[in-house]
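So the chains spell out like this:
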Amino acid sequence: MKKLALIAALLLSSSLSMAADYNARVIKFAATSPKGTPPAIGMELFAKKVQERSEGKIKVRTFPNGVLGGDVQVLSSLQGGVVEMMTWNAGLMLNHITDFGILDFPFLYTDTAKVDAMLDGEVGKMLTDQLPAKNLVGLAFWELGERNLTNNVRPVQKLEDIAGLKIRAQQSPLFLDVWAALGANPTPLPFTEVHTALETGTVDGQENPAALILASRFNEVQKYLSLTRHNYNPQIVLIGKTFWDSLNKDEQQLLTEVAQEVRLEQRRISREADSKAIADLQGAGMQVNQLPPDEVARIQAKIRPVVDKYAAQINPQLVSKVYQAMGYQPQ
């Protein structure tokens, strides 16, 4: 009996030593995306799974809708250790790491299966490997979706229709240059200020994925939705490196595994939400039009010098791998 008891004790001790080691923690997870949008839904899934798998020890509090500030402000808080996690448009990291700008190249990422394989593979790693030098760690690539143009002046059906429009642009030099090349007057604004700017006429229009346009109620202050699908926005899930370094290996593994797992569900939700949101926006009174393929080609030709300018600033090996992954042959 003593021998059996000893064996049982050893087995129990072994199993306890193999159990994951989680400390009681609260993680603040921020985004500018409104509640109910695909990024915010992904955050909620992440929080639920982390709490379940840590048996309640690690709690993730989500802060969507820019309640902790705009993207630039929250990123600074992340680097400073005030906020632990955030998700935002990966291409906007251009302001900190030049190579990330390639993710915002217009009309390049039209095949989502190829995009997924690219970001989940070598290209994604080449980008995230550069984050620790900026006091950041990348856990996964989620998505916001394909961006479309809205405005209050006229339907955008051809290249010339863009000229003169005051367009809210993301706070990225690439986007400012793209809209300027198309003849628009780009105005950089944090996402949290866009609705007011549209309502007051500070800007004529903006561009975002349909699900975000709907959730942000831009249809209440915008008349025309043109399905330009000019940009695809991967969202990167970031965690501050100072906080990351304070976690033990089990905690780091848990957060990474859950972020990667949620990635698949979040992308599915995003892609299903797109067509529904377009129908809902049209049903709510927005005038929706497609951009003809020949006009897309004209716009691509017009902005090619801008793309070439930024491609020249990016690691040539990365540019080559991205173009190859997407089957793109630069002219």
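Residues numbered from 1 in each chain as written. Predicted model: local features only at pLDDT ≥ 70, side-chain atom pairs only at ≥ 80, totals over all residues. Heavy atoms only, no water.

An unreviewed UniProt entry annotates the protein chain as ABC transporter substrate-binding protein originating from Pseudomonas putida. Under the UniProt heading Sequence similarities (unreviewed entry), the entry covering the protein chain gives this text: "Belongs to the bacterial solute-binding protein 7 family." (UniProt positions renumbered as here; feature names shortened; annotations may be inferred.)

### Here we look at the overall build of the protein chain
Check the secondary structure of the protein chain and you find 12 helices and nine strands. Taken against the 2.2 N^0.38 rule, which gives 20 Å for 331 residues, the C-alpha radius of gyration of the protein chain at 22 Å falls within 12% of a compact globule. Principal axes of the C-alpha set define a box for the protein chain whose edges measure 90 × 45 × 35 Å. A burial count over the protein chain gives 51% of its 331 residues as buried. Here the analysis covers contacts within the protein chain between residues at least 6 apart in sequence; of these, 76% occur between residues at least 24 apart. Accessible surface for the protein chain amounts to roughly 14600 Å². Of this, 53% is attributable to carbon and sulfur atoms. If you average the places of the 34 positive and of the 35 negative side-chain charges in the protein chain, the two averages end up 4 Å apart. (Helix = DSSP H or I, 4+ residues; strand = E, 2+ residues; numbered from the N terminus. Rg over C-alpha atoms; globule rule 2.2 N^0.38 Å. Buried < 20%, exposed > 50% of the residue type's maximum accessible area, 1.4 Å probe, protein only. Contact = heavy atoms within 4.5 Å. Areas by Shrake-Rupley, 256 points an atom, 1.4 Å probe, with all protein chains shown as cover. Lys, Arg positive; Asp, Glu negative; His and termini not counted. Charge placed at Lys NZ, Arg CZ, Asp CG, Glu CD.)

### Some thoughts on the pattern of salt bridges
Counting across every chain of the model gives 24 salt bridges. Between E44 and K35 there is a salt bridge; the shortest N-O distance is 2.8 Å. The class of E44 is partly exposed, set by a relative accessible area of 31%. Judged by relative accessible area, which is 61%, K35 ranks as exposed. Where K49 meets E261, a salt bridge forms, and the shortest distance between an N and an O atom there is 3.0 Å. Residue K49 is found in helix α2 (residues 38–53), and its partner E261 is found in helix α10 (residues 249–283); the two are separated by 212 residues along the sequence. Overall, the relative accessible area of 32% leaves E261 in the partly exposed class. Each of D116, D120, E143, R263, R267 and R271 takes part in a single network of salt bridges with overlapping partners. (Salt bridge = Lys/Arg side-chain N within 4 Å of Asp/Glu carboxyl O.)

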